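This is what each chain is made of:
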Amino acid sequence: MAGYIGLWISDNRVSAVHLLNTARKMAIAGVFTAGYSNGDSLAAALRECAARFADTAAEWTVGLPMAEFSFRQLVFPFKGHSQIAAAISFEMEAALPFAGEEMAVSFIPMTADKQQSSVLACSIHKERLAHYRAILKNAGIEARSIAADTSALLYFYRSVILPSAGAEPATALIATADADRLHLCGVTTGGFIDFYAAEPDEKEIRRFAATLPAEPEKYYIGGERAELAGRAPEQDNWKRRIETVITGEAADRLMIPIGLAALGSNSGEALCFAGGARRKMKFANDWRIAAVAGAAALALFLGFLFFRNYLKERTLTKINDQAKLAFAAALPGTKAVKPVFQLEERLAKLETKMKRAGLAGNGRNDLIWILKRMSETIPEGMIVEMDEIIYEENNVVVMGRTDRLESVNRIKELFSITTPFKGAELMESKASPDGKKVTFKLRMPL
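Note that the structure is a prediction, hence the values are computed from the model and not measured. Numbers given for residues are sequential positions, taken from 1 along each chain in its written order. For this predicted model, a pLDDT threshold of at least 70 governs which residues receive local features, and a threshold of 80 or more governs which side-chain atom pairs are given and counted, while totals over whole chains, interfaces and linings are taken from all residues. Note that water and hydrogens are dropped before the side-chain values are worked out from all heavy atoms of the structure.

> Sorry if this is basic, but what is going on with the pairing of strand E15 (residues 384–391) here?
Paired strands, in this sense, are two strands between which DSSP finds at least two bridges. Working definition: helices are DSSP H or I runs of at least four residues, strands are E runs of at least two. Numbering for both runs from the N terminus. Pairing between E15 and strand E16 (residues 395–402): seven bridges, direction antiparallel. Its bridge partner being in E16, Met386 is matched across the sheet by Gly400. Here E15 folds back onto E16, and the loop between the two strands holds three residues.

Dropping the structure here:
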């Protein structure tokens, strides 16, 4: 039975969940728990866990204690995953007391704009990572990826809580508590992410919430000892809703193992480290088959590129020939240097001339027609003197005089509803010192 296994190695216990992703929802197919007190008992617990799921073809994601990792929020003055990956070790080296070559670093993006991008970076000493890989390998577990246990809460939130809520993401605090540790994850609608692990105390939740950029709107607190966090019972409605997304054991008590399994099924960017598992070839000639297949794929790819280039050149030649024929018919006797651009220029000039003559557009807008419409619009008896009329391609500007401000507003209203004008804008109005004359300036777009 295929699926994903989330294996959590905490300070004194090994927990694992076998998660199946079906068409409609996730299902918990199996659960394993065992305690340990030293290195030998840890190895025994891991061997027992490997035997428990030996019949499955699942991929393993392993969560290690939070204390093994260091987290930092970093800001880069550029974007791009490859550029950030090339620079992040130098940034982490400045923030931690280790050389860059001694650390393994992973990151996920938080926010980005045109100028900069911010990421949450996670690092672990390579010796500690190799130590756990050796323990897992000796137990018969091939881990696809390794991550900090607390970071699994982020993937539990994204894969289980959000789909069950059926609402837009909100600034939230996700936590799981057992007898020994309280694991906290904070996310905001702006993309900010942070993790923390501490003693199981309600005060730690308040302290962590105060460090977030915004006050949490939602609290999702589970685990075997969720009551240690001191949250009100009415805030546990989410535990019933997640049954629409995941079935099996009480998922709210297995948040970290389920989150690790969800991380393993995640196809995007994840805050984890490759587990080092590699597929071994079963036959001596597998390398030869792979080389032949690679050469055939390369030949097909190159042939496709040449054929596509040939088709594009042939299509371009046909278009150029047709453009030259159209140019010769439209402008006989003219040398075609750039047929398309020359035709566009001639058409633009012709359209301008026709528009000026009142033969283009939705109706007439030549100067004679505009003067006629303006004279018809001014009511009989209204005192108006037109000092200057400026006729432009897209506007008509009128400067004149009348007897009072009310007349100016009336002229503006009449011109705004008169074709071919699209409106009227009063740019300037000024009364004479004796108050008998008012000068004005109107602009009407065509």
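Still more ground to cover, so stick around.
> Would you mind going over the nonpolar core with me for this structure?
The nonpolar side chains of a soluble globular protein tend to be buried with one another. Judged by nonpolar contacts, the single largest core of 89 residues is most densely connected at Leu7, Leu46, Ile174 and Ile258. The element that contributes the greatest number of residues to this core is helix H4 (residues 152–165), accounting for eight residues. In this structure Ile258 touches Val17, Leu19, Ile28, Phe156, Val160, Ile246 and Ala251, once residues within four positions along its chain are discounted. For the purposes of this section, nonpolar cores are sets of buried Ala, Val, Leu, Ile, Met, Phe, Trp, Tyr and Cys residues that join through side-chain atoms within 4.5 Å. Any residue under 20% of the maximum accessible area for its type is buried, any over 50% is exposed, and the rest in between are partly exposed; the area is computed with a 1.4 Å probe on protein chains only. Counting 16 residues, the second largest nonpolar core, distinct from the first, contains Val396, Phe421, Phe440 and Leu442. Should any heavy atoms of two residues lie within 4.5 Å, those residues are counted as being in contact.

> Is there a simple way to explain the packing of aromatic side chains in this structure?
A ring pair, where both rings are aromatic, is described by two values, the distance of the centres and the angle of the planes. Whether two aromatic rings pair depends on their centres lying within 6.5 Å, for rings of Phe, Tyr and Trp, where Trp uses its six-membered ring; planes under 30 degrees apart make the pair stacked, over 60 edge-to-face, and the rest tilted. By the definition in use, this model includes eight aromatic pairs. The interplanar angle of 55 degrees and the centroid separation of 5.4 Å between the aromatic rings of Phe71 and Phe195 together place this pair among those described as tilted. Placement of the pair is Phe71 in strand E5 (residues 69–76) and Phe195 in strand E11 (residues 193–198), with a sequence separation of 124 residues. Phe195 carries the same exposure label as Phe71, and that label is buried. The rings of Tyr157, Tyr220 and Trp238 are connected pair by pair, giving a single aromatic cluster. Two conditions define a charge sitting above a ring: the NZ of Lys or the CZ of Arg must be within 6 Å of the ring centre, and it must be within 35 degrees of the ring normal. Lying across the ring of Tyr155, Arg158 places its NZ or CZ 6.0 Å from the centre.

> Looking at this structure, how should I read the confidence of the model for the chain?
Segments scoring low in pLDDT should not have their predicted coordinates read at a detailed level. Looking at the chain as a whole, the pLDDT averages 84, with 91% of positions reaching at least 70. As a per-residue measure, pLDDT tells how confident the predictor is, with possible values from 0 to 100. The secondary-structure element of the chain with the lowest mean pLDDT is helix H9 (residues 339–356), recorded at 71, while strand E1 (residues 4–9) shows the highest, at 95. In the model, residues 277–284 has pLDDT below 50 throughout and makes five contacts with residues more than four positions away in sequence or in other chains.

> In this structure, what is going on with the pattern of salt bridges? I would like to understand it.
Any two side chains of opposite charge can pair, so long as their charged atoms come close to each other. Basic side-chain nitrogens of Lys or Arg form a salt bridge, by our definition, when they fall within 4 Å of a carboxyl oxygen of Asp or Glu. Under the criterion given, the structure shown has 16 salt bridges. One salt bridge connects Glu376 with Arg373, and the closest N-O pair in it is separated by 2.9 Å. Of this pair, Glu376 and Arg373 both sit in helix H10 (residues 367–377), three residues apart, which is roughly one turn of the helix. Judged by relative accessible area, which is 45%, Glu376 ranks as partly exposed. Residue Glu425 pairs with Arg443 through a salt bridge whose shortest N-O separation is 2.6 Å. One end of the pair, Glu425, is in strand E17 (residues 425–431); the other, Arg443, is in strand E18 (residues 438–445), with 18 residues separating them in the sequence. In this structure, a network of salt bridges that share partners links the residues Glu385, Asp387, Arg401 and Lys437.

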